[in-house]
Amino acid sequence: MSIPLGVLDLVPISSGSTAPEALRNSIELARRAEEFGYARYWFAEHHLNPGVAGTSPAVVLALTASATSTIRLGSGAVQLGHRTALSTVEEFGLIDALHPGRFDLGLGRSGGRPSPPLPATTPIVDGRAPNGLRIPPRFSFERLLGSPRIALQRKLLLLPDATSQDYAEQIDDVLALLAGTYRSPEGVEAHVVPGEGADVQVWILGSSGGTSAEVAGRNGLRFAANYHVSPATVLEAADGYRAAFQPSDVLDKPYVSVSADVVVAEDDETAREFATGYGLWVRSIRTAEGAIQFPTPDEARAHIWTDEDRALVQDRVDTQFVGSPTRVADQLEQLQEATGADELLIATITHAHKDRVRSYELLAREWHRRGHSAQSS
C-alpha cells in the first residue's frame, strides 16, 4: 500500500536567528520538499510564541505558492475560534484565485476544552498498541489552557465582547459559503467573491475522538489526527472519525492523515544529536511560556531537568521518531499500520536549517525506495 508523506511546518525560529530568516527557510524547505516528492506542505497557526513565526497560514501560503509549482499547500490548521467562516473562505478564495486547485483548507478548533476520554476500541497493553506502537498515558492540557498567556492570546485575537461560534455550526457555514448555498435564518443569501466555488480540499484537524472527529465524519471530510501533539489519543481520534463517517460528494469512505515528529540523519547518533533540543522546546510549550527559539544541542544540555520537567514532556519525547532513514521509516510504517492512516504528515525541527532539509531528503529517499508514492487522494 502506497502511503504519501506530507510536511507540517510551524515556521520555527532557531536560537540566534530571526523571524524573517525562519520564513525564508520555510519557503526554501517547501521548494525542496516539492523536489523530494512530498505530497503536501502545511503551515500551522500559532500566536505569541517567541520561537514560532507561523502566525497566519493564508499569508505564508500565498508567499509559498509563488515559490513552488506542483506540491499541494495547506493550513494545518486555521484556528476557527477567533475567525469567522466568511473571513476564512475569503482568504483561501483569494489565494486559490491565483493558484487554483493547489490548496488544502485545514480547519481546527482553538480555545476549546479537551474532550473527555472515549472508550478504547483498540486495546493498549503496557503503553503499546497491538503492533507495538507506543501509546503513552494521556496528557492533561488543563494547566496549559488555563494559563494567563493563553487567556491573553484569546483576548488579543478576539474583538471586545466577541464570542466564538459553535464549531460544528461554523464548519457548516464554511462549507455552505464555498458551495454557494449559504442562507441566513431569514433566507438571505451570501455569495463570497472570491471564495465561492474555490477548488480547495477541506480537512478537519483533531487530537481526540470528540467534536472535531465527529464533525469531520458527519460532513464526509478528510481528517488529520495528531500523533505528534497528543500521541495518547491518536487511535481514539482515528476510530472516532471513522465511526462518525458519512459518505459525501467529496469522499465515499474515510480518509485519514496522521502526524508525527521526526528527525532523520545518516545514522542514529547524529539524529539524536540534532534532536537534543526537542525536549526543552516541548517543555516551553507545556509550561505555557510559549515555544522558545529552538535551542542548540549545547544549550539544551545546559538545562537542569527536574522530575516535573521530565514528566511534562515524556510522552512527546518517547513518541518522537529519531534515527537513521531505515529506523524512522520502520517506525512510520508502524504508525501507519496501527492507525490505518492513508497519509502521514511529518513535522521536523532542528536547530540548523540544513539539517532539517537533509532530514526530509533522507526520509523521502528511503520512503520512495520502499515503494511509497507522493500521490494522494
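Preceding this section is the structure that the text describes.
Residues numbered from 1 in each chain as written. Predicted model: local features only at pLDDT ≥ 70, side-chain atom pairs only at ≥ 80, totals over all residues. Heavy atoms only, no water.

This paragraph deals with unusual backbone geometry. For the peptide bond that leads from Gly76 to Ala77, omega is 15°, which places it in the cis range. A cis geometry characterises the amide bond from Val193 onward to Pro194, with omega recorded as -10°. For Val11, which is not a glycine, the phi torsion comes out positive at approximately 55°.

Next up on the list: the pattern of salt bridges. Going through the model one piece at a time under the given rule, you end up with 26 salt bridges. Asp315 is paired through a salt bridge with Arg286; the nearest N and O atoms lie 2.5 Å apart. With Asp315 in helix 12 (residues 307-318) and Arg286 in helix 10 (residues 278-286), this pair connects stretches of sequence that are 29 residues apart. Judged on exposure class, the residue Asp315 and its partner Arg286 are both buried. One salt bridge connects Arg370 with Asp330, and the closest N-O pair in it is separated by 2.7 Å. Taken as a pair, Arg370 in the segment after helix 14 (353-369) and Asp330 in helix 13 (residues 325-339) lie far apart in primary sequence, 40 residues in all. One continuous salt-bridge network, built from bridges that share partners, spans Asp330, Glu333, Glu366, Arg369 and Arg370. (Salt bridge = Lys/Arg side-chain N within 4 Å of Asp/Glu carboxyl O. Helix = DSSP H or I, 4+ residues; strand = E, 2+ residues; numbered from the N terminus. Buried < 20%, exposed > 50% of the residue type's maximum accessible area, 1.4 Å probe, protein only.)

In this section: the packing of helix 13 against helix 14. The geometry of helix 13 relative to helix 14 is characterised by a closest axis approach of 9 Å and an angle of 65° between their N-to-C directions. For the element pair helix 13 / helix 14, the angle class is roughly perpendicular. The handedness of the crossing between helix 13 and helix 14 is right-handed. The segment helix 13 lies against helix 14, with Pro325, Thr326, Val328, Ala329, Leu332 and Glu333 engaging Leu362, Leu363, Glu366 and Trp367. (Axes fitted to C-alpha atoms, helices over the stretch in contact; angles between N-to-C directions. Parallel < 35°, antiparallel > 145°, perpendicular 65-115°, else oblique. Left-handed = near helix turned anticlockwise from the far one by under 90°. Contact = heavy atoms within 4.5 Å.)

Let us now look at the pairing of strand 10 (residues 343-347). Of all 5 residues in strand 10, 5 are buried, a share of seventy percent or more. Side chains of strand 10 alternate between two faces, with Glu343, Leu345 and Ala347 and Leu344 and Ile346 buried alike. With 3 bridges joining them, strand 1 (residues 5-9) and strand 10 adopt parallel strand pairing. Counted as the bridge partner of Gly6 is Leu345 from strand 10. (Pairing = 2+ DSSP bridges.)

Right, let's talk about the environment of Ile3 for a bit. Within the secondary structure layout, Ile3 lies in the segment before strand 1. Residues Ile3 and Glu343, spaced 340 residues apart in sequence, show a C-alpha to C-alpha distance of 5.3 Å. Apart from the residues within four sequence positions on either side, Ile3 is in contact with Gln336, Ala341, Asp342, Glu343, Leu344, Trp367, His372 and Ser373.

So, about the packing of aromatic side chains. Using the criterion set out here, one finds 10 aromatic pairs in the structure. Here Trp203 and Tyr255 contribute two aromatic rings whose centre-to-centre distance is 5.9 Å and whose plane-to-plane angle is 75°, an arrangement assigned as edge-to-face. Here Tyr255 lies in the loop between helix 8 (234-244) and strand 8 (256-264) and Trp203 lies in strand 6 (residues 201-206), a separation of 52 residues in the sequence. Exposure remark for Trp203: the relative accessible area of 0% places this residue in the buried category. Measuring from centroid to centroid gives 5.9 Å for Tyr241 and Phe245, while their planes differ by 75°, and the two rings are edge-to-face. Relative accessible area serves as the criterion here: at 13%, Phe245 is assigned to the buried category. Taken together, Trp42, Trp203 and Tyr255 form an aromatic cluster joined through their ring pairs. Over the face of the ring belonging to Tyr255 we find Arg222, whose NZ or CZ atom lies 5.8 Å from the ring centre. The lysine or arginine in question, Arg286, covers the ring of Phe139, its NZ or CZ lying 3.6 Å from the ring centre. (Phe/Tyr/Trp six-rings, centres within 6.5 Å; stacked < 30°, edge-to-face > 60°. Lys NZ or Arg CZ within 6 Å of the ring centre and 35° of its normal.)

What follows covers the pairing of strand 2 (residues 40-43). Of the two faces of strand 2, both are covered, the one formed by Arg40 and Trp42 as well as the one formed by Tyr41 and Phe43. Both strand 1 and strand 2 contribute to a ladder of 4 bridges, which runs parallel. Bridged to Asp9 within strand 2 is Phe43. Regarding the hand of the β-α-β motif, the stretch spanning strand 1, helix 1 (residues 19-36) and strand 2 is right-handed. Two strands pair when backbone bridges link them, and strand 2 and strand 3 (residues 72-75) are joined in this way by 4 bridges, in the parallel orientation. Its bridge partner lying in strand 3, Phe43 is registered against Ser75. Handedness of the crossover is the feature at issue here: the chain leaves strand 2, passes through helix 2 (residues 57-65), returns alongside strand 3, and the resulting connection is right-handed. (Right-handed = clockwise from strand over helix to strand, strands pointing away.)

For the rest of this paragraph, the subject is the nonpolar core. Core analysis: the largest hydrophobic core is formed by 99 residues, its most contacted members being Tyr38, Leu107, Leu332 and Leu344. Excluding residues within four positions of it along the chain, Leu332 makes contact with Ala260, Val262, Phe321, Leu344, Ile346, Leu363 and Trp367. Of all hydrophobic cores here, the second largest spans 5 residues; its members include Ala265, Ala271, Ala275 and Val322. (Core = buried A, V, L, I, M, F, W, Y, C linked by side-chain atoms within 4.5 Å.)

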